[in-house]
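Coordinate inspection notes
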Amino acid sequence: MCRGLESLPSTCLERAKELKALIGSFLQKSDHSITCQSKKNEKLRLNIDEPLKWKESLENLLSSQNGLCLFRAFLHSEFSEENIAFYLACEDYGETKHSKLTAKAKKIYDEFIGPDAPREVNLDHVTKAITKENMEHPNQSCFNLAKAKIYTLMEKDCYPRFLKSSAYLELSRKTG
């Protein structure tokens, strides 16, 4: 396995493997939905309409557990997985208890925005400066501007490339 896959959470890797198997099965079968068992004995279901909904909007793609994992795997293959990782970290941060905000904010900032961040996201200088200023008194909205910029970047760049990817095109052609 390539070294870079180690950075993905194991649950996402497991899910991506399940999706790969599902997609392979789906391409060979003609029924309307496919199920398989995950390690946690929950059914993983790919509905025939699901890939078509992903094309409607990035929001639809990200709100689908299958779509999110497939998009995340795609971004990883494109060497831009840090964008979705940052976005998801911000989503999680927004639901963090007040007592844990400072520690979590520092972790996110250090990993994605700060100088020498190991998974630095592509933000303009002004957004970085505003976010750094927000870090002085972290609250649940201190990453909102940066999160919005990354969402827009994914929406205008990564998402269209995902929709043009051979994996998505083949899946949507077989389900459409």
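Residue positions are given per chain, counting from 1 as you read along its sequence in written order. For this predicted model, a pLDDT threshold of at least 70 governs which residues receive local features, and a threshold of 80 or more governs which side-chain atom pairs are given and counted, while totals over whole chains, interfaces and linings are taken from all residues. Each side-chain value is worked out from all heavy atoms of the structure, with water and hydrogens disregarded.

A few points about the overall build of the protein
Strands here are runs of E lasting at least two residues and helices are runs of H or I lasting at least four, both read from the DSSP assignment and numbered beginning at the N terminus. Within the protein, the secondary structure is distributed over nine helices and two strands. Overall, the protein shows an N-to-C arrangement of helices and strands of α-β-β-α-α-α-α-α-α-α-α. Looking at the 176 residues of the protein, the share that counts as buried comes to 41%. Sequence-distant contacts, at least 24 apart, represent 56% of the contacts inside the protein between residues at least 6 apart. All accessible areas in this document rest on Shrake-Rupley with a 1.4 Å probe, and a residue is counted as covered only by the protein chains that are shown. In the form shown here, the protein has an accessible surface area of approximately 10500 Å², with 51% of it arising from carbon and sulfur atoms. Here the term buried applies to any residue with accessible area under 20% of the maximum for its type, exposed to any over 50%, and partly exposed to those in between, with areas from a 1.4 Å probe on protein chains only. In this description, contact between two residues means that some pair of their heavy atoms is separated by no more than 4.5 Å.

Details of the packing of helix α8 (residues 144–164) against helix α9 (residues 166–175)
Axes here refer to lines fitted to C-alpha atoms; in helices the fit is confined to the stretch in contact. Angles between the N-to-C directions go from 0 to 180 degrees. With their axes 5 Å apart at the nearest point, α8 and α9 run at an angle of 55° to one another. Classified by the angle between their axes, α8 and α9 sit oblique to one another. Of the residues in α9, those touching α8 at F162, L163 and K164 are S166, Y168 and L169. Residues belonging to the contact of α8 with α9 are distributed by class as follows: four nonpolar, one polar and one charged. When an angle is under 35 degrees it counts as roughly parallel; over 145 it counts as roughly antiparallel; between 65 and 115 it counts as roughly perpendicular; any other value is oblique. As a working rule, the residues Ala, Val, Leu, Ile, Met, Phe, Trp, Tyr, Cys and Pro are called nonpolar, Asp, Glu, Lys and Arg charged, and the rest polar, with Gly in that last group.

Notes on the packing of aromatic side chains
Aromatic rings from Phe, Tyr and Trp, with only the six-membered ring used for Trp, were paired whenever their centres fell within 6.5 Å, and each pair was classed as stacked if the ring planes differed by under 30 degrees, edge-to-face if by over 60, and tilted otherwise. Following the criterion strictly, the structure yields seven aromatic pairs and no others. Ring centres of F86 and F143 lie 6.3 Å apart, and the angle between their planes is 85°; this geometry places the pair in the edge-to-face category. One end of the pair, F86, is in helix α5 (residues 81–93); the other, F143, is in the loop between α7 (125–134) and α8, with 57 residues separating them in the sequence. With relative accessibility at 0%, the residue F86 sits in the buried group. Note on F162 and Y168: the rings are 5.3 Å apart at their centroids and 40° apart in plane angle, and the pair reads as tilted. Per residue, the accessibility class of F162 equals that of Y168, and both read buried. An aromatic cluster is defined as three or more aromatic residues linked by ring pairs; in this entry it consists of F71, F74, F162 and Y168.

Thoughts on α8
To estimate how far a helix should extend, the number of its residues minus one is multiplied by 1.5 Å. The terminal C-alpha atoms of α8, which comprises 21 residues, lie 29 Å apart, in line with the 30 Å expected from a rise of 1.5 Å per residue. If you look at α8, its biggest bend is around 40°, right at M154. For α8, every residue scored as buried is listed here: A146, K147, I150, Y151, M154, C158, Y159, F162 and L163. Residues of α8 that are buried make contact with α2 (50–54), α3 (58–63), α4 (65–77), α5, α7 and α9. The angle between axes fitted to the seven residues ending at a residue and the seven residues starting there is what we call the bend at that residue.

Comments concerning α4
Side chains three or four residues apart in an α-helix point the same way, a direct result of the helix having 3.6 residues per turn. Between the first and last C-alpha of α4 there are 18 Å, a value that for 13 residues agrees with the 18 Å anticipated at 1.5 Å per step. Buried residues dominate α4, accounting for ten of its 13 residues. Buried within α4 we find N66, G67, L68, C69, L70, F71, R72, F74, L75 and H76. Phi turns positive one or two residues past the end of α4, at F79, with a value near 60°.

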